[in-house]
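Notes for the structure review
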Amino acid sequence: MTTLIPQEVANKRYYQDVPDYMTEVYDWAYVNPRKARLLDRKLVVSTLLFGNDQRLMRAYLDAIRPGDKVWQVAHVYGDLVQRAADRAGSAGRFLLTDVTPIQVELAEGKLEGIAQAEVVRADAAGFQLPFTPDLVCSFFLLHEVPEDKKRAIVDNMLAQVPVGGRAMFVDYHGPKPWQPIGWLLKWVNRVLEPFAEALWRKEISAYAEEADRFEWRKRTVFGGVYQIVSAIRQR
Ligand SMILES: C[S@@+](CC[C@H](N)C(=O)[O-])C[C@H]1O[C@@H](n2cnc3c(N)ncnc32)[C@H](O)[C@@H]1O
């Protein structure tokens, strides 16, 4: 006789040890396995980023040199993780962390068979890399986490970067007053993304305890809606 396991019970493992902000705010986007599987498409990322997905991804991918050891702190829908692992190449290493079980599962599926890639379930705020990285990258993670978590993630990423090593943050930014998308995003933030607007007012470097050890560069695109920030450790 087959015993049918109720769907909620089967799904419980997807909620184990997931941070509160993820289940309370982002369940529909990143935790619920059925919805996450539906959303994991290039078109979704492209739509959410108003068609800026490729140029934002390119900024990150161009920063990866063949042979680099890379830590990407969280999964991203679409094909970014495979492309980043491919850029690092067989002489490099690509380690992806994510805090939710379904995202780890989705990423493992994409990176299967790429020898230099591995996926670890971990909170980016506390994870210790098993190697010294050339590049660590947060691609649209910071706007989704509360302020204390932003600080902890930025500090943990930077703490692992050696002298000459690089950190990169691609995320939202305060739109210029003339950018009409700003009004739409204000509404989206009120309804869906309560932690995002802090990045409109505060520099990412301001979350870092040891900001002065790094050389920071920032450029914005799409009328200020997005920022691409790099930090190179000087000492
Ligand atoms: C990178 S962000 C959003 C990226 C982009 N909007 C997309 O389309 O996928 C989403 C990911 O961050 C993960 N995440 C949230 N908090 C995290 C944390 N503290 N550590 C690691 N991953 C985290 C979520 O599980 C989710 O997979």
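These lines cover the structure that appears in this document, whether it is placed above or below. The structure presented is a predicted model; accordingly, all values stated were derived computationally and were not measured.

Along its length, the chain carries eleven helices and seven strands. Its C-alpha atoms give the chain a radius of gyration of 18 Å, within 12% of the compact-globule value 18 Å for 235 residues. Structurally, the chain occupies a C-alpha span of about 65 × 45 × 30 Å along its principal axes. By the burial criterion, 55% of the 235 residues in the chain qualify as buried.

Lining the immediate environment of the ligand, one finds 21 residues, of which Tyr21, Tyr77, Asp98, Asp123 and Ala124 sit closest. One of the backbone nitrogen or oxygen atoms of Val99 is found 3.4 Å away from a nitrogen atom of the ligand. The separation between a nitrogen atom of the ligand and a polar side-chain atom of Asp123 is 2.9 Å. When isolated, the ligand has an accessible area of 590 Å², and the protein chains bury 97% of it. Taken atom by atom, the bulk of the ligand overlaps the largest pocket.

So, about the packing of helix α6 (residues 53-63) against helix α7 (residues 80-88). In the contact formed by α6 and α7, the axes pass within 10 Å of each other and the chain directions differ by 25 degrees. In terms of orientation, α6 and α7 fall into the roughly parallel class. Relative to α7, the crossing made by α6 is right-handed. Contact with α6, carried on its side by Gln54, Met57, Tyr60, Leu61 and Asp62, involves Leu80, Arg83, Ala84 and Arg87 of α7 and no other residues of that element. Each residue belonging to the contact of α6 with α7 can be placed in one class, and the counts come to five nonpolar, one polar and three charged.

About the thresholds
- Residues numbered from 1 in each chain as written.
- Predicted model: local features only at pLDDT ≥ 70, side-chain atom pairs only at ≥ 80, totals over all residues.
- Heavy atoms only, no water.
- Helix = DSSP H or I, 4+ residues; strand = E, 2+ residues; numbered from the N terminus.
- Rg over C-alpha atoms; globule rule 2.2 N^0.38 Å.
- Buried < 20%, exposed > 50% of the residue type's maximum accessible area, 1.4 Å probe, protein only.
- Near = heavy atom within 4 Å.
- Polar contact = N/O pair within 3.5 Å; in protein donor to acceptor, adjacent residues only side chain to side chain.
- Areas by Shrake-Rupley, 256 points an atom, 1.4 Å probe, with all protein chains shown as cover.
- 1 Å grid on protein atoms, 1.4 Å probe; cavity = no way out; pocket = protein on both sides within 12 Å on 5 of 7 lines; lining within 4 Å.
- Sits in = over half its atoms within 2 Å of the grid points.
- Axes fitted to C-alpha atoms, helices over the stretch in contact; angles between N-to-C directions.
- Parallel < 35°, antiparallel > 145°, perpendicular 65-115°, else oblique.
- Left-handed = near helix turned anticlockwise from the far one by under 90°.
- Contact = heavy atoms within 4.5 Å.
- Nonpolar A, V, L, I, M, F, W, Y, C, P; charged D, E, K, R; others polar.

Shape is all these values report; function is a separate question.
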